[in-house]
Amino acid sequence: MKRRACAAAIAAAGLLAGCAWFRPQTKASFWEGRIAIKDPADSENNMSASFELQGNASAGSLGLFNMLGLTLASMRWSEGFAELQSGGETHTFKSADAMVRSTLGHSVPLAAVFGWLSGDNASVPGWEVDRSRYAERRLRARKTAASEPGTNQEGLELLLVWDAP
């Protein structure tokens, strides 16, 4: 009886190990940490908050929180739709990028942010990314040129510090 139980336990352990071995490797789809945006042209437009980012550039959510943990903004999006909840109001947008620009006051390449957090070396025109502290879960991206007519965001910095996924 003991041999049968022992054999069953070994078989179960082998099966579980085999499942773990063949499980597809996926990148994390949830990050939390701190975000800061520094605008050298307008220091009153700087911001810093805790964040929770989930999903991907096509469908996901972003929560921004103050230092007491209170929600500043809650954003969610999918293809062709984006919704912002902030200050007791709900606003809809045609895209996540438009929503992020309206919320943060700056254009931030949301699709690239997901890639950067995942370790992707994707380059974005008009942005210079410093990945030298990626192993410490720190990233700095700097706007090198205006991406939209009539805006001068050159020198704008996006700083991200996140916990391990």
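Criteria and cut-off values
- Residues numbered from 1 in each chain as written.
- Predicted model: local features only at pLDDT ≥ 70, side-chain atom pairs only at ≥ 80, totals over all residues.
- Heavy atoms only, no water.
- Pairing = 2+ DSSP bridges.
- Helix = DSSP H or I, 4+ residues; strand = E, 2+ residues; numbered from the N terminus.
- Buried < 20%, exposed > 50% of the residue type's maximum accessible area, 1.4 Å probe, protein only.
- Arc of directions from axis to C-beta.
- Contact = heavy atoms within 4.5 Å.
- Phe/Tyr/Trp six-rings, centres within 6.5 Å; stacked < 30°, edge-to-face > 60°.
- Salt bridge = Lys/Arg side-chain N within 4 Å of Asp/Glu carboxyl O.

A.B. asks: I tried to follow the pairing of strand 4 (residues 71-78) on my own but got confused; where do I start?
C.D. replies: Looking along a regular strand, one sees side chains alternate from face to face of the sheet. Bridge count between strand 3 (residues 60-65) and strand 4: six bridges; the pairing is antiparallel. Bridge pairing in strand 4 places S61 opposite R76. Hairpin connection, strand 3 to strand 4: the antiparallel pair is bridged by five residues, and G69 has positive phi, about 90 degrees. Alignment of strand 4 against strand 5 (residues 81-86), held across five bridges, turns out to be antiparallel. Within strand 5, the residue paired with S74 across the bridge is Q85. With antiparallel pairing between neighbouring strands as the criterion, strand 4 and strand 5 make up a hairpin whose turn holds two residues, including G80 at a positive phi of roughly 75 degrees.

A.B. asks: Any chance you could explain helix 2 (residues 96-104) here in plain terms?
C.D. replies: Because an α-helix packs 3.6 residues into every turn, residues spaced three or four apart end up facing the same way. When helix 2 is considered as a whole, its buried residues turn out to be A96, M99, V100 and L104. All buried residues of helix 2 fall inside an arc of 110 degrees around its axis, so they share one side. G105 sits one or two residues past helix 2 and shows a positive phi near 80 degrees.

A.B. asks: Before we go on, may I ask you to explain the environment of E154 in this structure?
C.D. replies: Mapped onto the fold, E154 is located in the loop between strand 8 (138-143) and strand 9 (157-162). When the C-alpha positions of E154 and A41 are compared, they lie 8.5 Å apart, and in sequence the two are 113 residues distant. Apart from the residues within four sequence positions on either side, E154 is in contact with P40, K143, T144 and A145.

A.B. asks: Explanation requested: helix 3 (residues 110-117) in the structure shown.
C.D. replies: Counting buried positions over the eight residues of helix 3 gives seven, a clear majority of the element. When helix 3 is considered as a whole, its buried residues turn out to be L110, A112, V113, F114, G115, W116 and L117. Immediately downstream of helix 3, the backbone of G119 shows phi near 95 degrees, a positive value.

A.B. asks: Looking at this model, I keep getting lost on the side chain of H106. Mind explaining?
C.D. replies: Relative to the helices and strands, H106 resides in the loop between helix 2 and helix 3. The residues touching H106, leaving out its near neighbours within four places in the chain, are I37, D39, N45, V100, R101, Q153 and L156.

A.B. asks: I keep staring at the packing of aromatic side chains and nothing clicks. Help me out?
C.D. replies: Scanning the entire structure with this criterion turns up four aromatic pairs. Between W31 and F114 the ring centres are 5.8 Å apart and the planes differ by 65 degrees, which places this aromatic pair in the edge-to-face class. Of the two residues, W31 sits in strand 1 (residues 30-38) while F114 sits in helix 3, which places them 83 residues apart along the sequence. As far as burial versus exposure is concerned, W31 and F114 are alike and both buried. Chaining the aromatic ring pairs together yields one cluster made of W31, W77 and F114.

A.B. asks: Please clarify how the pattern of salt bridges should be interpreted in this entry.
C.D. replies: Between side chains of opposite charge, a pair can form as their charged atoms come close. Under the definition given, this model contains three salt bridges. One salt bridge in this structure joins R133 and E136, with 2.8 Å as the shortest N-O distance. Residue R140 pairs with E157 through a salt bridge whose shortest N-O separation is 3.2 Å. With R140 in strand 8 and E157 in strand 9, this pair connects stretches of sequence that are 17 residues apart. Judged by relative accessible area, which is 35%, R140 ranks as partly exposed. Residue E157 is classed as buried on the basis of its relative accessible area, which comes to 18%.

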